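A look at the structure
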Amino acid sequence: FPERRTTKMERLVFPLLLLSLAESLEILVLGGTGRIGTAVASHLLLRHSSTSDSAPLHLVLSGRDSERGEAAVKEVLAERRPSSRVSVDFRQLDWRDDVDLRRAMRGASAVVHTAGPYAGEDPTVLRAALDGCVPVYVDLSDPVEYLDRAKAIGREKGMDAGETLALCAAGAFPGMSNVLAMECASRLGEGVRVRDIDFSYFTAGLGGSGDVNLFITNDGFGEEVPVYCDGAPSPTMDAGSRERAAGAPTRVKFFLDEKDPSAVYVGERAVWSWPFPEGTLVPRQLEAQKRGISGRSSVGMGTAPAIWNDVMGIMVDVVPRKWWKSEAFSLGLARFSKPLVALTDLFVGETHAMRIDVYGEDGRRVSAVQAHESFRVVVGQSCAEFTLAMLESKGLLNAPRPSDGKATVIGSDRIPLPAQGVFTPEELFAPAEARRPMLERLLSVPGTLNAGFEERLAEVHL
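In this report, we go over the structure that sits alongside the text. (Residues numbered from 1 in each chain as written. Predicted model: local features only at pLDDT ≥ 70, side-chain atom pairs only at ≥ 80, totals over all residues. Heavy atoms only, no water.)

Moving on to the pattern of salt bridges. Any two side chains of opposite charge can pair, so long as their charged atoms come close to each other. Counted according to the given criterion, the structure contains 27 salt bridges. Where arginine 102 meets aspartate 131, a salt bridge forms, and the shortest distance between an N and an O atom there is 3.1 Å. With arginine 102 in helix α4 (residues 98-105) and aspartate 131 in helix α5 (residues 124-131), this residue pair connects regions lying 29 residues apart in the sequence. Since its relative accessible area comes to 29%, arginine 102 is described here as partly exposed. Judged by relative accessible area, aspartate 131 falls into the partly exposed class, the value being 33%. Put simply, arginine 441 and glutamate 392 hold a salt bridge, and the shortest N to O gap is 2.7 Å. Here arginine 441 is found in helix α16 (residues 432-442), whereas its partner glutamate 392 is found in helix α14 (residues 375-393), with 49 residues between them in sequence. The structure contains a network of salt bridges with shared partners spanning Arg355, Asp357, Arg365, Glu454 and Arg456. (Salt bridge = Lys/Arg side-chain N within 4 Å of Asp/Glu carboxyl O. Helix = DSSP H or I, 4+ residues; strand = E, 2+ residues; numbered from the N terminus. Buried < 20%, exposed > 50% of the residue type's maximum accessible area, 1.4 Å probe, protein only.)

Okay, structure coming up:
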């Protein structure tokens with residue numbers, strides 16, 4: 001018989017039929033129409049292109065506004081490679097509607113909750129994910145009270161949580177910063193107790209994160225800063241203060257070497273005390289490991305242009321703390337300052353940098369510095385990398401492999417993680433066999449300016 005040639009239509013349709021028969025991996029992104037949500041989705045899509053033998057990926061961006069949803073889908077699809085087996089859809093959803101939320105979670109392999117702010121909220125999305133046995137749950141929460149309630153839900157559920165592996169506070173800071181701090185502590189040596197820890201951050205303007213960050217920032221000035229003093233929890237009501245802790249510097253070098261790109265793009269910056277949770281979360285984990293801390297912890301934040309630091313510092317000195325916790329005041333101030341911030345953001349960009357300094361009782365200091373072109377993008381990338389590592393650990397996604405003998409692919413090995421439970425980053429990635437490959441991924445994402453560690457004797461301030 002003569003050989004039958006396939007038609008052009010058959011060549012197009014047959015692969016699509018095979019794709020439809022394959023089991024797809026669905027990831028639901030709450031707050032998917034926001035600036036951070038689209039950054040998460042874009043990186044998930046980009047990374048999926050390096051795992052051609054994995055199941056097809058179905059990204060669901062959820063939000064309340066259908067017009068913003070359509071724009072978000074277009075933005076994410078702009079990152080798509082022609083060979084990617086991926087679909088991106090918008091689903092109109094108010095995550096506060098518990099019935100609709102649980103319905104939207106059905107069939108999802110992962111739920112990524114980026115719809116902040118989280119202050120004053122209960123972990124209802126986490127609870128729904130645990131009840132629905134969603135394999136992977138990730139969020140960007142940061143208030144200590146929220147995280148403590150999330151952990152309590154995890155303990156309450158226990159084995160009833162099914163096979164859900166949940167990670168809270170899984171962004172750049174908190175998130176990557178927690179894991180970096182644990183690596184710094186590890187590099188001090190097994191028998192060395194930790195004395196002090198300083199977390200320092202810089203973001204140019206809003207870092208591209210969107211208007212909601214203005215409100216979150218204003219609200220933060222009314223929050224306690226969860227830090228340690230003399231080896232014990234000692235929260236302070238000093239958000240916005242120039243002096244983060246007794247003896248702590250108010251200016252931080254966001255580089256380890258003068259040749260680092262961050263020495264040029266960020267340099268040395270003033271920081272103020274800020275209520276991020278890692279000032280308490282990491283000391284707690286070190287205590288669990290019988291490693292300290294015996295001294296203090298601090299968390300500092302700086303931004304550009306520098307005049308914003310000065311203006312907000314003056315306002316914090318004048319405005320009563322309770323006013324900042326008033327939604328009417330903080331939201332009103334955010335709306336008032338929005339045009340000015342939008343204008344300055346055009347000139348200062350989105351650059352981000354962090355520095356973590358861990359001091360040992362033996363007088364040594366281990367420092368880590370990481371810098372990136374965009375705060376918004378690195379938060380999304382970090383969240384996506386955490387999500388992917390968790391999916392891979394459950395066997396729901398293949399770890400990326402080199403496409404040829406010469407190529408090197410980020411994180412080509414599956415990271416060993418627990419099957420279930422509710423964690424924060426410094427806990428989940430406490431073991432070196434999980435922490436180091438995770439950091440390899442986080443510190444190698446596209447847009448990274450520089451990243452590295454430094455060990456030396458600590459300077460003594462008299």
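A few words on the packing of α14 against α16. Where α14 contacts α16, the two axes come as close as 10 Å, and the packing angle between them is 140 degrees. By the angle between their axes, α14 is oblique relative to α16. As α14 packs across α16, the resulting crossing turns out to be right-handed. Where α14 approaches α16, its residues Ser382, Glu385, Phe386, Ala389 and Glu392 are matched on the opposing element by Met438, Arg441 and Leu442. (Axes fitted to C-alpha atoms, helices over the stretch in contact; angles between N-to-C directions. Parallel < 35°, antiparallel > 145°, perpendicular 65-115°, else oblique. Left-handed = near helix turned anticlockwise from the far one by under 90°. Contact = heavy atoms within 4.5 Å.)

To find the voids left in a structure, one rolls a probe of water-molecule size over its atoms. Applying the stated criterion across every chain yields a total of one cavity of 30 Å³ or more. Size it by volume and the largest cavity reaches roughly 30 Å³. Forming the boundary of the largest cavity are Trp95, His113, Pro117, Tyr118, Glu121, Asp122, Thr124, Val125 and Tyr146. When grouped by side-chain class, the residues that make up the lining of the largest cavity number five nonpolar, two polar and two charged. (1 Å grid on protein atoms, 1.4 Å probe; cavity = no way out; pocket = protein on both sides within 12 Å on 5 of 7 lines; lining within 4 Å. Points joined across faces, edges and corners; volume = space filled by probe spheres on them. Nonpolar A, V, L, I, M, F, W, Y, C, P; charged D, E, K, R; others polar.)

Viewed as axis vectors pointing N to C, α5 and helix α6 (residues 144-157) meet at an angle of 20 degrees, and their least axial separation amounts to 10 Å. It follows from the interaxial angle that α5 and α6 lie roughly parallel. Handedness of the α5/α6 crossing: right-handed. Contact with α5, carried on its side by Leu126, Arg127, Leu130 and Asp131, involves Ala150, Ile153, Glu156 and Lys157 of α6 and no other residues of that element. Of the residues contributing to the contact of α5 with α6, the split by class is four nonpolar, no polar and four charged.

Overall, the coordinates contain eight aromatic pairs when judged by the stated rule. Look at tyrosine 201 and phenylalanine 276: their rings are 5.7 Å apart centre to centre, the planes differ by 75 degrees, and that puts the pair in the edge-to-face class. One end of the pair, tyrosine 201, is in strand β7 (residues 194-204); the other, phenylalanine 276, is in the loop between β12 (272-273) and α10 (278-288), and 75 residues separate them in sequence. Judged by its relative accessible area of 0%, tyrosine 201 is buried. When its relative accessible area of 10% is taken as the criterion, phenylalanine 276 is described as buried. When the centroid spacing of 5.5 Å and the interplanar angle of 40 degrees are considered together, the rings of phenylalanine 386 and phenylalanine 429 count as tilted. Here phenylalanine 386 is found in helix α14, whereas its partner phenylalanine 429 is found in the loop between α15 (425-428) and α16, with 43 residues between them in sequence. (Phe/Tyr/Trp six-rings, centres within 6.5 Å; stacked < 30°, edge-to-face > 60°.)

For α10, the tally of buried residues reaches eight of eleven residues, placing the bulk of the element in the interior. Where α10 is buried, its residues touch α6, α7 (176-187), β7, β8 (228-229), β13 (297-304) and α15. Just downstream of α10, lysine 290 is the residue with a positive phi angle, here 65 degrees.

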